[in-house]
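Residues per chain, in single letters:
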Amino acid sequence: MVDYHAAGQPYQYGGNGPGSLGGVGDYMAQEDDWDRDLLLDPAWEKQQRKTFTAWCNSHLRKAGTQIENIDEDFRDGLKLMLLLEVISGERLPKPERGKMRVHKINNVNKALDFIASKGVKLVSIGAEEIVDGNAKMTLGMIWTIILRFAIQDISVEETSAKEGLLLWCQRKTAPYKNVNVQNFHISWKDGLAFNALIHRHRPELIEYDKLRKDDPVTNLNNAFEVAEKYLDIPKMLDAEDIVGTLRPDEKAIMTYVSCFYHAFSGAQKAETAANRICKVLAVNQENEHLMEDYEKLASDLLEWIKRTIPWLEDRDPQKTIQEMQQKLEDFRDYRRVHKPPKVQEKCQLEINFNTLQTKLRLSNRPAFMPSEGKMVSDINNGWQHLEQAEKGYEEWLLNEIRRLERLDHLAEKFRQKASIHESWTEGKEAMLRQKDYETATLSDIKALIRKHEAFESDLAAHQDRVEQIAAIAQELNELDYYDAPSVNARCQKICDQWDALGSLTHSRREALEKTEKQLETIDQLHLEYAKRAAPFNNWMESAMEDLQDMFIVHTIEEIEGLIAAHDQFKSTLPDADKEREAILGIQNEAQRIADYNNIKLSGNNPYTSVTPQIINAKWERVQQLVPKRDHALQDEQTKQQSNEHLRRQFASQANIVGPWIQTKMEEIGRISIEMNGTLEDQLNHLKQYEQSIVDYKPNIDLLEQQHQLIQEALIFDNKHTNYTMEHIRVGWEQLLTTIARTINEVENQILTRDAKGISQEQMQEFRASFNHFDKDHGGTLGPEEFKACLISLGYDVENDRQGDAEFNRIMSVVDPNNSGIVTFQAFIDFMSRETTDTDTADQVIASFKVLAGDKNYITAEELRRELPPDQAEYCIARMAPYQGPDAVPRALDYKSFSTALYGESDL
């Protein structure tokens, strides 16, 4: 015996069990690299904590213990080793009893070594991280244990682990409306899938038709409560967490669903038979669909080849290049659009033919022979003829197009270059003749000069194009082009216009340079004003923006900082007023000089849009905004002082209520473990404790009133307490739920006792017999303890071949899931034995016989009741009427139908 408990509550866990069921499959190897980044999502981590804790406690309770905090209670390695012994039925090495860090690390390493010995590859999970309470690593380790011992061995229709569990869920929930299980997260959010699983196996527990898809919380709670009350599946999820999360945690859902699988794994014999028939019929239906698809695809492809070849063999030439180019475009469209799908169809046709023949051969069906003229060889011959016609058609098109292009190329080249030049020269003469410089400012003059220099560069660059146009016109004349007169007239007009542009360009440059010198003196004064006015104007705009800026503060310190900054700003105003007067003096000096020299200014300062009037108006606005800012800051300071008082008031009450709730939760945990007396005495004691909790409700209501005042004041944080109203509400709800759940557990024990018709003395006597062999007081018996109990009851299960066989037979009944434990209920009731699953004609006949209730015939109503609709109709359409002596109206012969499925007769 090994002591896994620290000082305090002594406890020993012993017993031997079967070893590991084999190596870990491919799915386990992939799941070892679990996505630890997902644990960073608080909602997912919360779900995993609750689910994994409940799963661990469902096993640890068999050993008389449990955990409260999953990343704390496994740190010393004791309960981790105990958990592994309970779920594996094997004994681990003796743990170290010391409380030093090295003892804890050694205990955790023993547990990790045991997990690794079961073929599980632990990636980045070390004993030091578990001992340090690393939440991510601890949850990852528990998920690895769940995969290995609860999910890995699930097998459904040649799929295993996650895929097998998903397929099992899909098969069980397929008949139910509004249920479509595609994954282990969002498919379960509305709760209907959980209810469908229970209803499929225990229809008396669920009124499925009364459930509504738009009420997920009610659906989820209904399933969780029924599973906990009638299926012995502990509540591992919170309905509010699932509904309130965009994508529920996949690992938590898988863990909880696997409990349903193990609870219902003893499937009915009729369902197994129906699955076998569905598998055979699906193969036959698929082969027939492939045959029909081949015939249709072959017919369509041959018809397309027959239509296309005459089009490719047409060699009728066109008169214009546009018409020939259209023919070429049609051919390219054929190559790009029409032919590629047909190439894919031809390839797919051959693949489908080969696949069909392989499937027929593997399923013992006769080979497929296509209709006459639709063999793969017939299609290949037609395709070869198509490609020969295609090659000759393309060569003919290209030769015709090249012949027509040579005739039009030279004339089109002249027209193109002439059009480009004429487009460029359009409007250039009018631009060069205008006198816009006569009323321009100095900056305008400089811009006009730069623009004129750019035009001169552009003019020189176009000289080469004019020469090319003249050369092409000369070549067309030499070749006696039919439209040579119009080409010559157009070329002469281009040359005359080119000479005129050169003369106008020279005259405009002289006028621009003369005007530039006359405005430079006045411009210097304008420039100096602009350099000083712009930054001062920006300063005033920034000041006005700051003075009108809305501010949001949450503490007294923040508002006091704003008041200090405002006082600093006000101290800069006298210097700013001096700068304003200096800038206005520059503008006045510029105007005085212009008036003295009789210079007519064209408008405002060209370097800035900031006029003296704008500067004076903005300065006056700044003077008005300063006192308004003073009042706003003072009002906010008063508001923040009031908010601080509300924070302190709430924190004082919350710091009392929060610890009280936590203390009561711990007391309930101790009461649920240390219950004494009769069940009725225990129930009365718990109800009295519940009333004392309800009497504390006025303190919660007072805290709610204080929280309402904080919300109305829009206060979002409180440094004086770590408790929020949400924390208090959740803690209070959990406290009420925990005491109610504990009372419900005792009431269920009383109901069970009364339902069996057993008196209190009889129940105690019967329980004493079971407890005598329950050495670890965990509420269950290990295999060796159960064997000793059987021997005491007179069963011949001694350690010899015959005794071992008998014991194994009984264990398969009381422990069909190979969990290595025997519950008190299983001690009384035996379960149905398992069936085997083969796929032969005789087995299909035997399966139909099960569905027919051992009759030699089956009816259409029985088929529709036991099989999916499409496969039921498939059987009814192909089964011959039954001709036996015990025939009844509308009886069907399932034996000849099953024989025909395997090619032993005509279907």
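Computed from a predicted structure; not experimentally measured.

A. Molecular detail of the overall build of the protein chain. From N to C terminus, the protein chain includes 32 helices and eight strands. Residue pairs at least 24 apart in sequence account for 73% of intrachain contacts in the protein chain once pairs closer than 6 positions are excluded. As displayed, the protein chain has an accessible area near 50,100 Å², and 50% of this comes from carbon and sulfur atoms.

B. Layout of the pattern of salt bridges. According to the stated counting rule, one finds 40 salt bridges in the structure shown. Between Asp238 and Lys50 there is a salt bridge, with the nearest N and O atoms lying 3.7 Å from each other. Linking Asp238 in the loop between α9 (216–230) and α10 (239–244) with Lys50 in helix α2 (residues 42–60), this pair joins segments that are 188 residues apart in sequence. Classification of Lys50 by relative accessible area gives partly exposed; the value is 31%. Here Arg101 and Asp132 are joined by a salt bridge, their closest N and O atoms 2.6 Å apart. Of this pair, Arg101 sits in helix α4 (residues 101–117) while Asp132 sits in the loop between α5 (127–131) and α6 (135–151), and the two are 31 residues apart along the sequence. Overall, the relative accessible area of 45% leaves Asp132 in the partly exposed class. By sharing partners, the salt bridges in this structure join Glu644, Arg647, Arg648 and Asp717 into a single network.

C. Structural context of helix α32 (residues 894–901). Here α32 has its buried residues at Tyr894, Phe897, Ser898, Ala900 and Leu901. Along α32, the residues classed as buried sweep out an arc of 160° about the axis, all on the same side. Capping of α32 at its N-terminal end is provided by Asp893; its side-chain oxygen lies 3.1 Å from the backbone amide nitrogen of Lys895.

D. Structural context of the side chain of Asn352. Checked against the element boundaries, Asn352 lands in helix α13 (residues 321–362). Judged by relative accessible area, Asn352 falls into the buried class, the value being 19%. A polar atom in the side chain of Asn352 sits 2.7 Å from the side chain of Gln348.

E. Inspection of the packing of helix α7 (residues 161–173) against helix α8 (residues 192–201) at higher detail. Closest axis-to-axis distance for the α7/α8 pair is 9 Å, and the angle between their directions is 70°. Of the possible angle classes, the one that applies to α7 and α8 is roughly perpendicular. Between α7 and α8 lies a crossing of left-handed hand. Of the residues in α8, those touching α7 at Trp168, Cys169, Arg171, Lys172 and Thr173 are Ala193, Ala196, Leu197, Arg200 and His201. Here the contact of α7 with α8 is composed, by residue class, of five nonpolar, two polar and three charged.

F. Quick look at the packing of helix α3 (residues 78–88) against α4. Relative to each other, α3 and α4 sit at 25°, their axes nearing to 8 Å. By the angle between their axes, α3 is roughly parallel relative to α4. Read as a crossing pair, α3 and α4 show a hand that is left-handed. Across the interface between the two elements, Leu78, Leu80, Met81, Leu84 and Ser88 from α3 touch Asn107, Val108, Lys110, Ala111, Phe114 and Ile115 from α4.

G. Expanded view of unusual backbone geometry. Here the phi dihedral of Asn178 falls at roughly 65°; this positive angle occurs in a residue that is not glycine. Within the fold, Asn178 resides in the loop between α7 and α8. Given a relative accessible area of 46%, Asn178 falls into the partly exposed group. The phi torsion at Asp854 lies on the positive side, around 70°, for a residue other than glycine.

H. Structural detail: α13. Here α13 is 42 residues long and its end C-alpha atoms lie 60 Å apart, about the 62 Å a rise of 1.5 Å per residue gives. At Lys339, α13 shows its largest kink, close to 45°, and the proline Pro340 lies no more than four residues downstream. Positive phi appears at Asn364, one or two residues downstream of α13, with a value of about 65°.

I. Molecular detail of the environment of Tyr176. Tracing the sequence through the fold places Tyr176 in the loop between α7 and α8. Considering only alpha carbons, one finds Tyr176 and Asp209, 33 residues apart in sequence, at a separation of 9.6 Å. Ignoring anything within four residues of it in the chain, the contact list for Tyr176 reads Ala196, His199, Arg200 and Tyr208.

J. Spatial organisation of the nonpolar core. Counting 80 residues, the largest nonpolar core has Trp188, Phe194 and Phe260 as its most contacted members. It is α6 that contributes the most residues to this core, ten residues altogether. Once residues lying within four places of it in the same chain are set aside, the contact partners of Phe194 are Trp188, Leu220, Ala223, Phe224, Leu237, Ile253, Tyr256, Val257 and Phe260. Counting 26 residues, the second largest nonpolar core, distinct from the first, contains Leu290, Leu328, Trp383 and Ala389.

K. The arrangement of the packing of aromatic side chains in detail. Following the criterion strictly, the structure yields 24 aromatic pairs and no others. Between the aromatic rings of Trp168 and Tyr261, the centroid separation amounts to 5.1 Å while the plane-to-plane angle is 80°, which identifies the pairing as edge-to-face. Of this pair, Trp168 sits in helix α7 while Tyr261 sits in helix α11 (residues 250–264), and the two are 93 residues apart along the sequence. Neither residue differs from the other here; Trp168 and Tyr261 are each classed as buried. Seen in terms of ring centroids, Trp188 and Phe194 are 4.8 Å apart; in terms of plane orientation they differ by 50°. Their pairing is tilted. We classify Trp188 as buried; its relative accessible area is 0%. Here the aromatic cluster, defined as three or more aromatic residues joined through ring pairs, consists of Phe184, Trp188, Phe194, Phe224, Tyr256, Phe260 and Phe264. A cation sits over an aromatic face here: Arg148 above Phe149, 5.2 Å from the ring centre.

The rules we used
- Residues numbered from 1 in each chain as written.
- Predicted model: local features only at pLDDT ≥ 70, side-chain atom pairs only at ≥ 80, totals over all residues.
- Heavy atoms only, no water.
- Helix = DSSP H or I, 4+ residues; strand = E, 2+ residues; numbered from the N terminus.
- Contact = heavy atoms within 4.5 Å.
- Areas by Shrake-Rupley, 256 points an atom, 1.4 Å probe, with all protein chains shown as cover.
- Salt bridge = Lys/Arg side-chain N within 4 Å of Asp/Glu carboxyl O.
- Buried < 20%, exposed > 50% of the residue type's maximum accessible area, 1.4 Å probe, protein only.
- Arc of directions from axis to C-beta.
- Polar contact = N/O pair within 3.5 Å; in protein donor to acceptor, adjacent residues only side chain to side chain.
- Axes fitted to C-alpha atoms, helices over the stretch in contact; angles between N-to-C directions.
- Parallel < 35°, antiparallel > 145°, perpendicular 65-115°, else oblique.
- Left-handed = near helix turned anticlockwise from the far one by under 90°.
- Nonpolar A, V, L, I, M, F, W, Y, C, P; charged D, E, K, R; others polar.
- Expected span 1.5 Å × (residues − 1).
- Bend = angle between axes of the 7 residues up to and from the residue.
- Core = buried A, V, L, I, M, F, W, Y, C linked by side-chain atoms within 4.5 Å.
- Phe/Tyr/Trp six-rings, centres within 6.5 Å; stacked < 30°, edge-to-face > 60°.
- Lys NZ or Arg CZ within 6 Å of the ring centre and 35° of its normal.

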